[in-house]
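Chain residues, written in single-letter form:
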Amino acid sequence: MLYSLYAPMWDANDTLRKLLKEVLGYTDDEIKKMESEYFGRNIVNNLTIDQAKEITEIFGGNDFSVYLNDGRGSEGTIAWNQLGIHLIDELPKDHYCDEPLVSRDHLADLSIPKKIDPPIKETLFHTKPIVECPYCHSTDTRKISGLSKAGSVALFGIFSLGKTTKQWHCNRCNSDF
């Protein structure tokens with residue numbers, strides 16, 4: 001089986017750029033493109049388990065989380081211990097490789113546009129849920145209150161039954177869902 005490594009790295013720094021260049025062989029332009037996408041993508045594909053382990057140990061030794069998956073993106077994430085493998089933390093080094101550990105064929109295809117997700121630090125502590133309208137995909141929504149539902153029943157009786165079963169209202173297209 002071949003594996004991919006997924007990197008949800010929102011804040012790039014010099015160490016990460018160095019690892020992407022030395023260990024994987026990415027160019028400066030490719031790294032800039034990934035940074036513009038907030039790095040939410042596979043960074044290498046079609047790896048043997050030994051290649052994936054070697055790369056993950058280097059990134060992990062520098063405090064960057066890289067996730068092993070079975071090629072389906074972040075949905076196929078596999079824990080190393082599920083495979084009976086325990087990673088060994090290495091101390092950060094000044095230099096890692098004279099040649100990248102993988103060929104360019106293993107690198108992510110950056111021509112495929114990726115959805116730009118917001119940085120994780122902005123979404124981690126939302127106190128209000130973000131609900132997307134299933135019709136117009138707006139996030140300008142509000143929860144339909146119990147008082148509003150009770151008012152509809154009082155005014156329209158049985159004809160308001162459809163509204164009382166809905167939980168959210170879209171302020172953009174005025175639909176209830």
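Residues numbered from 1 in each chain as written. Predicted model: local features only at pLDDT ≥ 70, side-chain atom pairs only at ≥ 80, totals over all residues. Heavy atoms only, no water.

## What to know about the overall build of the chain
Here is step 1 of the chain: Secondary structure summary: the chain contains six helices and six strands in total.
Here is step 2 of the chain: Going residue by residue from the N terminus, the α and β elements of the chain occur as β-α-α-β-α-β-β-α-β-α-α-β.
Here is step 3 of the chain: Looking at the chain as a whole, 36% of its 177 residues qualify as buried.
Here is step 4 of the chain: Within the chain, contacts between residues at least 6 apart in sequence are counted, and of these 75% link residues at least 24 apart. (Helix = DSSP H or I, 4+ residues; strand = E, 2+ residues; numbered from the N terminus. Buried < 20%, exposed > 50% of the residue type's maximum accessible area, 1.4 Å probe, protein only. Contact = heavy atoms within 4.5 Å.)

## As for the side chain of Ser138
Here is step 1 of the chain: Along the polypeptide, Ser138 turns up in the loop between α4 (120-123) and β5 (141-143).
Here is step 2 of the chain: Among the polar contacts made by the side chain of Ser138, one reaches the main-chain amide nitrogen of Asp140 at a distance of 2.9 Å.
Here is step 3 of the chain: Setting aside residues no more than four positions away along its own chain, Ser138 makes contact with Val131, Glu132, Cys133, Cys170 and Arg172. (Polar contact = N/O pair within 3.5 Å; in protein donor to acceptor, adjacent residues only side chain to side chain.)

## Here's the deal with the packing of helix α1 (residues 14-24) against helix α3 (residues 49-60)
Here is step 1 of the chain: At a minimum axis distance of 11 Å, the contact between α1 and α3 shows a crossing angle of 155°. It follows that α1 is roughly antiparallel to α3 by the angle criterion. You can see that α1 and α3 cross each other, and the crossing is right-handed. Residues Leu16, Leu19, Leu20, Val23 and Leu24 of α1 pack against Ile55, Ile58 and Phe59 of α3.
Here is step 2 of the chain: Tallied by class, residues from the contact of α1 with α3 come to eight nonpolar, no polar and no charged. (Axes fitted to C-alpha atoms, helices over the stretch in contact; angles between N-to-C directions. Parallel < 35°, antiparallel > 145°, perpendicular 65-115°, else oblique. Left-handed = near helix turned anticlockwise from the far one by under 90°. Nonpolar A, V, L, I, M, F, W, Y, C, P; charged D, E, K, R; others polar.)

## What about the pairing of strand β1 (residues 3-8)?
Here is step 1 of the chain: Within β1, five of the six residues are buried, which leaves it mostly tucked inside the rest of the structure.
Here is step 2 of the chain: Direction of pairing for β1 relative to strand β3 (residues 67-69): antiparallel, over a ladder of three bridges. Within the sheet, the bridge partner assigned to Leu5 lies in β3 and is Leu68. (Pairing = 2+ DSSP bridges.)

## Thoughts on the side chain of His169
Here is step 1 of the chain: Tracing the chain through its elements places His169 in strand β6 (residues 168-170).
Here is step 2 of the chain: Of note is the side chain of His169, whose polar atom sits 2.6 Å from the side chain of Asp176.
Here is step 3 of the chain: If we ignore the near neighbours within four places in the chain, the residues touching His169 are Asp140, Thr141, Arg142, Ile144, Asn174, Ser175, Asp176 and Phe177.

## Describing the nonpolar core
Note on soluble globular proteins: their nonpolar side chains tend to be buried together.
Here is step 1 of the chain: If you look at the biggest cluster of nonpolar residues, it comprises 30 residues, and the most contacted ones within it are Leu24, Tyr26, Ile43 and Phe59.
Here is step 2 of the chain: Top element by residues in this core is α1. It accounts for five residues.
Here is step 3 of the chain: With five residues, the next largest nonpolar core counts Val131, Cys133, Trp168 and Phe177 among its residues. (Core = buried A, V, L, I, M, F, W, Y, C linked by side-chain atoms within 4.5 Å.)

## Here's the deal with the confidence of the model for the chain
When pLDDT is low, close inspection of the predicted coordinates is not appropriate.
Here is step 1 of the chain: Across the chain, the average pLDDT comes to 75, with 75% of residues at 70 or higher.
Here is step 2 of the chain: Predicted confidence in the chain is weakest over α4, with a mean pLDDT of 41, and strongest over α1, with 86.
Here is step 3 of the chain: Residue range residues 116-126 is modelled with pLDDT below 50. Its contacts to residues more than four positions away, or to other chains, number eleven contacts. (pLDDT = per-residue confidence, 0-100.)

## Digging into unusual backbone geometry
Here is step 1 of the chain: Backbone geometry at Asn46 places phi at a positive 55°, although glycine is not the residue there.
Here is step 2 of the chain: Secondary-structure assignment places Asn46 in strand β2 (residues 40-47).
Here is step 3 of the chain: Asn46 gets classed as partly exposed once you look at its relative accessible area, which sits at 45%.
Here is step 4 of the chain: Positive phi, normally seen in glycine, also occurs at Asn174, with a value near 60°.
Here is step 5 of the chain: With respect to the element layout, Asn174 can be found in the segment after β6.
Here is step 6 of the chain: The class for Asn174 is exposed, based on a relative accessible area of 55%.

## With respect to α1
Here is step 1 of the chain: When α1 is considered as a whole, its buried residues turn out to be Leu16, Leu19, Leu20, Glu22, Val23 and Leu24.
Here is step 2 of the chain: Once α1 finishes, Gly25 follows within two positions and takes phi at roughly 90°, a positive value.

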